[in-house]
Amino acid sequence: MMALIGKEMRMTLRSLVFYLFIIASVFFYFTSYATEETWGELGSPVISTPQNVGTIEHPYYGWKQPADTRDLAEQMRKEMGWNLDAGTSQKIRLGFPFKVKLNEKEKTALSAAISQLDEVLKNPDKYTMDEVNTIAESVNNQLGGKSIYQQGLGEFGSAIETVDEAIKAQEADLARYNAKVNAGELLPGAARYFSDYLSLPAGIFPVFLSAFLLLRDRSSRMNELIYSRRISPWVYVGSKFIAQGVMLSMIYLILAVIGGWQTVDTLGLTGQTGQAIVIFLGYTAWWLLPTLWISVAFGMFGSMLFRRGIVPIALQIVWWFMSVLPLLGSYGLNRLFIRFNSPNDYELYWKWTDEIALNRSFYLILTVLLAAGAAWLWERNRSRLDSAKMLSRKTAKGSVAASAAEALR
């Protein structure tokens, strides 16, 4: 089997799509992750003189997240009040935000939540921000989920309108950054950010290779010769599957090493290169590779099931679009890849680790099942061809015998 795997790896190196996959992955790395914007988000906040980017009548010095329980409760109450007055709210459907009409039960839930927030605002020091977020999460559940009140999907920040507020916001950002560095959350956050962006090409390009992997023999008219050989379908299909997966995985592992090294170098984190590379490799293996391998397995299985490579490609494109949004949250088993488009929100990430672990474990198991299914379908096609050949030979022998008997008469 090792010889077959090596042969398939060499065949992959001859594929134009493989090099397009490399180009796309490198393109996403340098245009989405390794950018000035990313280094700005990952680096230490800069304390500078606030600049008004609004107008004299409506000054605007940026956007700030809630600093304490009072801020969070006030902004959340405003949002709920607007929704209640309008009779509508935003929900995420198929990854896209939609405005939906509230029914009486949902309006009642919002009214009850507003009353709870009013109690919080009477004495905010008695409550924590997690308790306030719990109120929003309760509303989200009563709205049917995937609403702007689901943690990570909605924003409850506010505009900064004065210089003093802007200075305080900068100081708060710096304090949060220092706390993140001291807690060892900076590099894992960077690795999640890297994995988020690189999951986009991982969820689509591999299927263009794998969907035609087992059909290649038919197009080159070698399938009858291969079917006639005494080779196990598990060895034949498995070698192609492993070779394809390994070759594509190597690209991401190399980019993970580059990403860890470049992050440390750009941010000036002296002496942390080894640690960064290990963290980036770990997130890549657990976060990205299940997406890549399921794409390979799905392409092979779909091509054997439908006998057409274009069908699994079309299905994968739909699956990919359904998984792109939202950028945070939503880790059901229908999500092909994991989106966590933030290098921060460490505590929020850990709240979703169970869902993410279930998603990744499910896809690892599904990958094995689809690869096994592809091998079984390949063997079934070979058996059908053998049966057709036997029937053809019997028919031919019957015709010859009938002709001979006719000649003797």
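Remember, predicted model here, so these are calculated numbers, not experimental data. (Residues numbered from 1 in each chain as written. Predicted model: local features only at pLDDT ≥ 70, side-chain atom pairs only at ≥ 80, totals over all residues. Heavy atoms only, no water.)

**Observations regarding the nonpolar core**
Link 1 in the chain: Ranked by internal contacts, the top residues of the largest apolar core, which has 70 residues, are Tyr33, Phe194, Leu198, Val237, Tyr252 and Met300.
Link 2 in the chain: Here this core gets 15 residues from one element, more than from any other, and that element is helix α13 (residues 273-306).
Link 3 in the chain: Sequence-distant contacts of Leu198, defined by excluding residues within four places in its chain, comprise Ser25, Tyr29, Tyr252, Leu255 and Leu288.
Link 4 in the chain: Leu110, Ala113, Val132 and Leu143 belong to the second largest nonpolar core, which has 18 residues in total. (Core = buried A, V, L, I, M, F, W, Y, C linked by side-chain atoms within 4.5 Å. Buried < 20%, exposed > 50% of the residue type's maximum accessible area, 1.4 Å probe, protein only. Helix = DSSP H or I, 4+ residues; strand = E, 2+ residues; numbered from the N terminus. Contact = heavy atoms within 4.5 Å.)

**Re the UniProt feature "transmembrane region" (unreviewed entry) in the protein**
Link 1 in the chain: UniProt's entry tags residues 12-30, 197-215, 235-258, 278-301, 313-333 and 361-378 with the feature "transmembrane region" (unreviewed entry), counted in the numbering of this structure.
Link 2 in the chain: In residues 197-215, the share of helix is 63% and the share of strand is 0%. The end C-alpha atoms are 31 Å apart. (UniProt positions renumbered as here; feature names shortened; annotations may be inferred.)

**Describing the side chain of Glu8**
Link 1 in the chain: Looking at the element boundaries, Glu8 is found in helix α1 (residues 2-12).
Link 2 in the chain: Given a relative accessible area of 9%, Glu8 falls into the buried group.
Link 3 in the chain: At 2.8 Å, the side chain of Glu8 and the side chain of Lys240 are in polar contact. (Polar contact = N/O pair within 3.5 Å; in protein donor to acceptor, adjacent residues only side chain to side chain.)

**Description of the packing of aromatic side chains**
Each aromatic ring pair is described using two quantities: the centre-to-centre distance and the angle formed by the ring planes.
Link 1 in the chain: Within the structure shown, the criterion is met by 27 aromatic pairs.
Link 2 in the chain: Ring geometry for Tyr29 against Tyr33: centres 5.9 Å apart, planes inclined by 40 degrees, an arrangement best described as tilted. Separated by four residues within a single helix, Tyr29 and Tyr33 lie in helix α2 (residues 16-33), roughly one turn from each other.
Link 3 in the chain: Judged by relative accessible area, which is 0%, Tyr29 ranks as buried.
Link 4 in the chain: Judged by centre distance (5.4 Å) and plane angle (65 degrees), the ring pair of Phe298 and Trp319 falls under edge-to-face. (Phe/Tyr/Trp six-rings, centres within 6.5 Å; stacked < 30°, edge-to-face > 60°.)

**Focus on the environment of Thr31**
Link 1 in the chain: Mapped onto the secondary structure, Thr31 falls in helix α2.
Link 2 in the chain: For Thr31, a relative accessible area of 43% translates into the label partly exposed.
Link 3 in the chain: Along the backbone, Thr31 and Tyr197 are 166 residues apart, and their C-alpha atoms lie at a distance of 9.6 Å.

**Overview of the confidence of the model for the protein**
Link 1 in the chain: Counting all residues, the mean pLDDT for the protein is 85, and 88% of those residues have values of 70 or more.
Link 2 in the chain: Of all secondary-structure elements in the protein, the lowest mean pLDDT belongs to helix α11 (residues 223-228), at 50, while α13 reaches the highest, 95.
Link 3 in the chain: Counted against residues more than four places away or in other chains, residues 386-391, with its pLDDT under 50, gives one contact. (pLDDT = per-residue confidence, 0-100.)

**What to know about α1**
Link 1 in the chain: Residues of α1 that are buried: Ile5, Gly6, Glu8 and Thr12. Down the axis of α1, the sector holding all buried residues measures 165 degrees, keeping them to one side. Those residues of α1 that are exposed and aimed more than 90 degrees away from the buried face are Ala3 and Arg10. (Arc of directions from axis to C-beta.)

**Here we look at the pattern of salt bridges**
Link 1 in the chain: One pass over the structure, following the stated rule, counts eight salt bridges.
Link 2 in the chain: Lys351 is paired through a salt bridge with Asp130; the nearest N and O atoms lie 3.6 Å apart. Of the two residues, Lys351 is situated in helix α15 (residues 346-351) and Asp130 in helix α6 (residues 129-142); the sequence distance between them amounts to 221 residues.
Link 3 in the chain: Overall, the relative accessible area of 44% leaves Asp130 in the partly exposed class.
Link 4 in the chain: The closest approach of N and O atoms between Asp173 and Arg176, which form a salt bridge, is 2.4 Å. You can see Asp173 and its partner Arg176 sitting in helix α7 (residues 163-182), three residues apart, about one turn around the helix.
Link 5 in the chain: Accessibility expressed as a relative area gives 35% for Asp173, which makes it partly exposed. (Salt bridge = Lys/Arg side-chain N within 4 Å of Asp/Glu carboxyl O.)

**Re the side chain of Ser158**
Link 1 in the chain: Among the structural elements, Ser158 can be located in strand β4 (residues 158-159).
Link 2 in the chain: Discounting residues that sit within four places of it in the chain, Ser158 has contacts with Gly62, Trp63, Lys64 and Gln75.

**Examining the packing of α1 against helix α12 (residues 233-267)**
Link 1 in the chain: Following both chains from N to C, one finds α1 and α12 inclined at 50 degrees, their axes separated by 8 Å at the closest point. One way to sum up the angle between α1 and α12 is to call them oblique. Handedness of the α1/α12 crossing: right-handed. Along its contact with α1, which presents Leu4, Ile5, Glu8, Met9 and Thr12, the element α12 presents Val235, Ser239, Lys240, Ile242, Ala243, Gln244, Val246 and Met247.
Link 2 in the chain: Of the residues that constitute the contact of α1 with α12, the class distribution is eight nonpolar, three polar and two charged. (Axes fitted to C-alpha atoms, helices over the stretch in contact; angles between N-to-C directions. Parallel < 35°, antiparallel > 145°, perpendicular 65-115°, else oblique. Left-handed = near helix turned anticlockwise from the far one by under 90°. Nonpolar A, V, L, I, M, F, W, Y, C, P; charged D, E, K, R; others polar.)

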